[in-house]
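Commentary on secondary and tertiary structure
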Amino acid sequence: MDIISQLQEQVNTVAALSFNIFGTLQRDAPPVRLSPNYPEPPMNANGTEETTNLAEQPKTMSSELVKAAKEFDVLVAAIPISDGDEEAQLKRIMELQAENDAIGQELQKQLDAAEKELKQVQELFSQATDNCLNLKRPD
């Protein structure tokens, strides 16, 4: 997998982790009184056990997010630094484009040859099936 694909994959990982973290924190957040005029929100029946788990969960999730961000930074650091100025880069792009065109022409020739061979095979197959159906002997 090339470096750009790895970066895209890591960005998706960071986004998924962030989405899950915010959703989990929102879901598991303890109730809070909005105003002194409102009654105290109800607590869970097993509040102490869940409170311990809820205290550890943000730490675990944040460490996963930091780890993913550090992996992203490593991938960014691995991107090769371009050589030369803009002219050199444009020249390299032109060379790569020419190489791509040459390979494309070669592939097109191979495709044309393969299509020609396929037509020959289909024609021979058609003749063979006609001979079998007509119970003729091959020529």
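About the thresholds
- Residues numbered from 1 in each chain as written.
- Predicted model: local features only at pLDDT ≥ 70, side-chain atom pairs only at ≥ 80, totals over all residues.
- Heavy atoms only, no water.
- Helix = DSSP H or I, 4+ residues; strand = E, 2+ residues; numbered from the N terminus.
- Buried < 20%, exposed > 50% of the residue type's maximum accessible area, 1.4 Å probe, protein only.
- Contact = heavy atoms within 4.5 Å.
- Salt bridge = Lys/Arg side-chain N within 4 Å of Asp/Glu carboxyl O.
- Expected span 1.5 Å × (residues − 1).
- UniProt positions renumbered as here; feature names shortened; annotations may be inferred.
- Polar contact = N/O pair within 3.5 Å; in protein donor to acceptor, adjacent residues only side chain to side chain.

This next bit is on the overall build of the chain. Along the backbone of the chain there are three helices and zero strands. Put simply, the chain runs from its N terminus to its C terminus through helices and strands in the order α-α-α. Sorting the 139 residues of the chain into buried and exposed places 9% on the buried side. In the chain, the share of contacts with a sequence separation of at least 24, taken over all contacts with a separation of at least 6, comes to 75%.

Two side chains that carry opposite charge are able to pair once their charged atoms sit near each other. Inspection of every chain in the model, using the stated rule, returns two salt bridges. For Asp-28, the salt bridge identified is with Arg-27, shortest N-O distance 2.7 Å. Judged by its relative accessible area of 59%, Arg-27 is exposed. Salt-bridge contacts for Glu-95 lead to Arg-92; the nearest nitrogen and oxygen are separated by 3.7 Å. Here Glu-95 and its partner Arg-92 are both found in helix H3 (residues 86–134), three residues apart, which amounts to about one turn of the helix.

With 26 residues, helix H1 (residues 3–28) extends 37 Å from end C-alpha to end C-alpha; this agrees with the ideal 38 Å at 1.5 Å per step. All of the buried residues along H1 are Leu-7, Gln-10, Leu-17, Ser-18, Ile-21, Thr-24 and Asp-28.

Further remarks concern the UniProt feature "coiled-coil region" (unreviewed entry) in the chain. Within the UniProt annotation, "coiled-coil region" (unreviewed entry) is assigned to residues 93–131. As annotated, residues 93–131 has a helix share of 100% and a strand share of 0%, and its two end C-alpha atoms lie 56 Å apart.

Mapping Asp-28 onto the fold places it in helix H1. There is a polar contact of 2.7 Å between the side chain of Asp-28 and the side chain of Arg-27. Among all residues touching Asp-28, those that are not within four sequence positions of it are Leu-54 and Gln-57.

Let's shift gears to H3. Compared with an ideal rise of 1.5 Å per residue, which puts 49 residues at 72 Å, H3 spans 70 Å between its outermost C-alpha atoms and is within 8% of the ideal. Looking one or two residues past H3, Leu-135 carries a phi angle of roughly 55°, positive in sign.

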